[in-house]
Protein chains: 2
Amino acid sequence: MHILNKESIIEIVKKLDLVPLIQDGFVAYSQGRSVVPPVGELSFKDPPGDVHIKYGYILGDSYYVIKIASGFWKNETFGIPNGQGMMLLFDQKTGQPKAILLDDATLTDIRTAVAGQICAQQFANDVHCIGVLGTGLQARLQVEYLKQVTKCRTVMVWGRNQEKIEQYQLDMEEIGFKVALGESPRQVAQKSNLIITTTASSEPLLFSDDILPGTHITAMGSDTPTKRELGPGLLKSADLVIADSIAQCQERGEIAHALVEGDISNDRIVELGNILSESKPGRTTPEQITVADLTGVAVQDIQIATAVFESYLEKEI
Amino acid sequence: MHILNKESIIEIVKKLDLVPLIQDGFVAYSQGRSVVPPVGELSFKDPPGDVHIKYGYILGDSYYVIKIASGFWKNETFGIPNGQGMMLLFDQKTGQPKAILLDDATLTDIRTAVAGQICAQQFANDVHCIGVLGTGLQARLQVEYLKQVTKCRTVMVWGRNQEKIEQYQLDMEEIGFKVALGESPRQVAQKSNLIITTTASSEPLLFSDDILPGTHITAMGSDTPTKRELGPGLLKSADLVIADSIAQCQERGEIAHALVEGDISNDRIVELGNILSESKPGRTTPEQITVADLTGVAVQDIQIATAVFESYLEKEI
């Protein structure tokens, strides 16, 4: 049994070509070549916290993977990162534990940003401004990972906390982006043709008439049944609605709200893996509005954890 | 973060007074002082294997616990134990990982045997013969743990594999039991007034008219929706039907079958924790037939994992 600490995980993951790995995971999932049970959940009230257990395996792989990731929103007041967690790899043929990746949720952060990168590459037009809602870790990582798929270095950001917005601006300018501050989510939408929503909001922030033709939205903030960032009508007016996992999006995230409100029907939702494998069409005209709803699927965890561990083993030999 | 290996876990657990710990867990569960989501499950076909993820927390405790335990039934042909797994402890207030107990499912084996011991103590009459179905690890541990609650050292065992039965006889005689071999489950039942069923059978082994008045049965082999050891009618004719967790037993184990077949109704099932706290009656006359259906509840894992880790920390200081 191998135990990898965060430092070695970060060293290894830097050298991995993550996009094809995560894409393969989504394709395996959509083609039914994986086993991914419903997400396990545990909630805490005081202090408030959510734990997600995502687990499963890809048929024919060496390992099955269990990922534990939590968000405890008061942690930062004690100087502890909000995100915590680890990934566990077990032998698919014997159940024996093979590796514990003590990543403190870093691999979850990265595989989430990579999914956003894949969506931007697939669905966005030539980007003139990246719109960002939120100023947290994903608001940074998502934009940073876009560097590999667009030349655009112009960002407009909106957030609730002025201090955090200014810090975001400083930090992102340091890594090469020009950051304007939006006065409202609507202003961000009016300036951008690629929008990434990364907040933990439970009230809609963007509405149908905020969005310009040709925009792609990656909505990744809402990953529970209560959170939402996109208002009623928005998914109805979108030309293409993509789910990372149809099964999960029926229960949580933006699509779940739109289904309840009758804005869309199940047959209008296309699964990301089916577009990546070209069995379903993606964007077909530049004018279309496309929305990708990312809730985070265990296949992403399986792919990144397996790649990190296999790369670690290669170096060991 | 602390990582405990199997050897230190076994050393620590030997010195713990487990019965009150596990009893407290069942009582907390039945009184709604715990959060225990549905069991997570993962199945494998070739080679066949089942993984159970049991997790949750007791309100006011320091830790939340995730337990991973698997059974891969072909392992023994490769010289690897069928049971594999680990227990993880995280801080309830921050989500930070605090301990990994690399117990290889040993703590699951022990807390399961302790639950059987608690049931025997609560529900069995003065025991003249312990009847055992199955010859595996639980067929041994359950009987070994009974030493603390009965003076009876007479066992009648039934199993399908002659070689394993003889090995069982040898091994159990070494730890002080006199073991007779039953020709059928019925013969075992006709000789015994405490019966422990520990097989992975998916066909019923014991039937209503096999059971003598005054018998207590602890059925712990069936922990999935398909496995069963008790035949139609048996729970109907029992005077007291106890579930370790009513919610779990409605989905898996003997009670689930009896509910589907209309043998019992939900209001006839009594939860173990409610009897232990004396809010519901247990056995009231010596003639009654009592059946306890054990599917294994996360509170058992939470209690044993927390006690092991706290005892480890005390020694560290």
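Refer to the preceding data block for the structure.
As the structure is a computational prediction, the values presented were derived from the model and not from experiment. (Residues numbered from 1 in each chain as written. Chains lettered and ligands numbered in written order. Predicted model: local features only at pLDDT ≥ 70, side-chain atom pairs only at ≥ 80, totals over all residues. Heavy atoms only, no water.)

**Considerations on the overall build of chain A**
Secondary structure assignment for chain A yields eleven helices and 15 strands. For a compact globule of 317 residues, the expected C-alpha radius of gyration is about 20 Å, and chain A comes in at 19 Å, within 12% of that figure. In terms of its C-alpha atoms, chain A occupies a principal-axis envelope of roughly 55 × 45 × 40 Å. The buried share of chain A, reckoned over its 317 residues, is 60%. Look at the contacts in chain A between residues 6 or more apart in sequence, and 69% of them connect residues 24 or more apart. Total accessible area on chain A is roughly 12700 Å²; 49% of this is exposed by carbon and sulfur atoms. (Helix = DSSP H or I, 4+ residues; strand = E, 2+ residues; numbered from the N terminus. Rg over C-alpha atoms; globule rule 2.2 N^0.38 Å. Buried < 20%, exposed > 50% of the residue type's maximum accessible area, 1.4 Å probe, protein only. Contact = heavy atoms within 4.5 Å. Areas by Shrake-Rupley, 256 points an atom, 1.4 Å probe, with all protein chains shown as cover.)

**Concerning helix H1 (residues 6-14) of chain B**
All names here are of chain B. Buried within H1 we find Ile9, Ile12 and Val13. Looking straight down H1, one finds that the buried residues subtend no more than 95 degrees of arc, so they occupy a single side. In H1, the exposed positions angled more than 90 degrees off the buried face are occupied by Glu7 and Lys14. Where H1 is buried, its residues meet strand E1 (2-4), helix H2 (18-30), strand E7 (97-101), helix H3 (106-123) and helix H11 (298-316). (Arc of directions from axis to C-beta.)

**So, the interface of chain A and chain B**
Contacts between the two partners involve 36 residues from chain A and, on the opposite side, 36 residues from chain B. Of the roughly 3000 Å² buried between chain A and chain B on both sides combined, carbon and sulfur atoms contribute 74%. Looking only at chain A, the three residues that lose the most surface to chain B are A:Leu42, A:Phe44 and A:Thr94, adding up to 17% of its buried area. At the junction of chain A and chain B, the tally comes to zero salt bridges. At the boundary of chain A and chain B, one finds six residue pairs in polar contact (both at pLDDT 80 or more). (Buried area = accessible area lost by both parts, 1.4 Å probe. Salt bridge = Lys/Arg side-chain N within 4 Å of Asp/Glu carboxyl O. Polar contact = N/O pair within 3.5 Å; in protein donor to acceptor, adjacent residues only side chain to side chain.)

**What about the sheet that holds strand E9 (residues 154-158) of chain A?**
Residues and elements named next belong to chain A. Taken together, eight strands build an open sheet; the order of strands is E10-E9-E8-E11-E12-E15-E13-E14 and the sheet is parallel. Of all the strands in the sheet, the pair left with one neighbour each is strand E10 (178-181) and strand E14 (269-271). Mean inter-strand twist for the sheet, computed between neighbouring axes without regard to direction, equals 20 degrees. (Pairing = 2+ DSSP bridges. Axes fitted to C-alpha atoms, helices over the stretch in contact; angles between N-to-C directions.)

**Description of the pattern of salt bridges**
All names here are of chain A. Going through the model one piece at a time under the given rule, you end up with 20 salt bridges over all chains. A salt bridge links Lys6 to Asp104; its shortest N-O distance comes to 4.0 Å. With a gap of 98 residues between them, Lys6 in helix H1 (residues 6-14) and Asp104 in the loop between strand E7 (97-101) and helix H3 (106-123) connect regions that are remote in the sequence. Judged by relative accessible area, Lys6 falls into the partly exposed class, the value being 27%.

**Digging into the pairing of strand E8 (residues 130-133) of chain A**
Residue and element names in this part refer to chain A. Neither face of E8 is open: one carries Ile130 and Val132, the other Gly131 and Leu133, and all of them are buried. Here four bridges tie E8 to E9, and the two strands are oriented parallel to one another. Pairing of Gly131 across the sheet is with Met156, part of E9. Across four bridges, E8 lies against strand E11 (residues 194-197) in parallel orientation. Pairing of Ile130 across the sheet is with Leu194, part of E11.

**Examining the relation of the copies chain A and chain B**
The relation between the two copies of this chain is a rotation about an axis and a shift parallel to it. Relative to chain B, chain A is turned by 180 degrees and slid 0.0 Å along the rotation axis, the superposed coordinates differing by an RMSD of 0.0 Å. Expressed as a symmetry operation, the mapping of one chain copy onto the other fits a two-fold axis. If distances are taken from each C-alpha of chain A to the rotation axis, the shortest is found for A:Gly40, at 3.4 Å. In this assembly the copies share their binding face: 100% of the residues contributing to the interface of chain A also contribute to that of chain B. (Least-squares fit on C-alpha atoms with pLDDT ≥ 70 in both.)

**Digging into the pairing of strand E12 (residues 216-219) of chain B**
Residues and elements named next belong to chain B. Because side chains alternate across E12, one face comprises the buried residues His216 and Thr218, and the other comprises Ile217 and Ala219, equally buried. Where strand E11 (residues 194-197) meets E12, four bridges bridge the pair, whose relative direction is parallel. Within E12, the position partnered with Thr197 by the bridge is Ala219. As paired strands, E12 and strand E15 (residues 290-293) are joined by four bridges and run parallel to one another. The residue bridging Ala219 from the neighbouring strand is Asp293, located in E15.

Read these as spatial facts, not as claims about activity.
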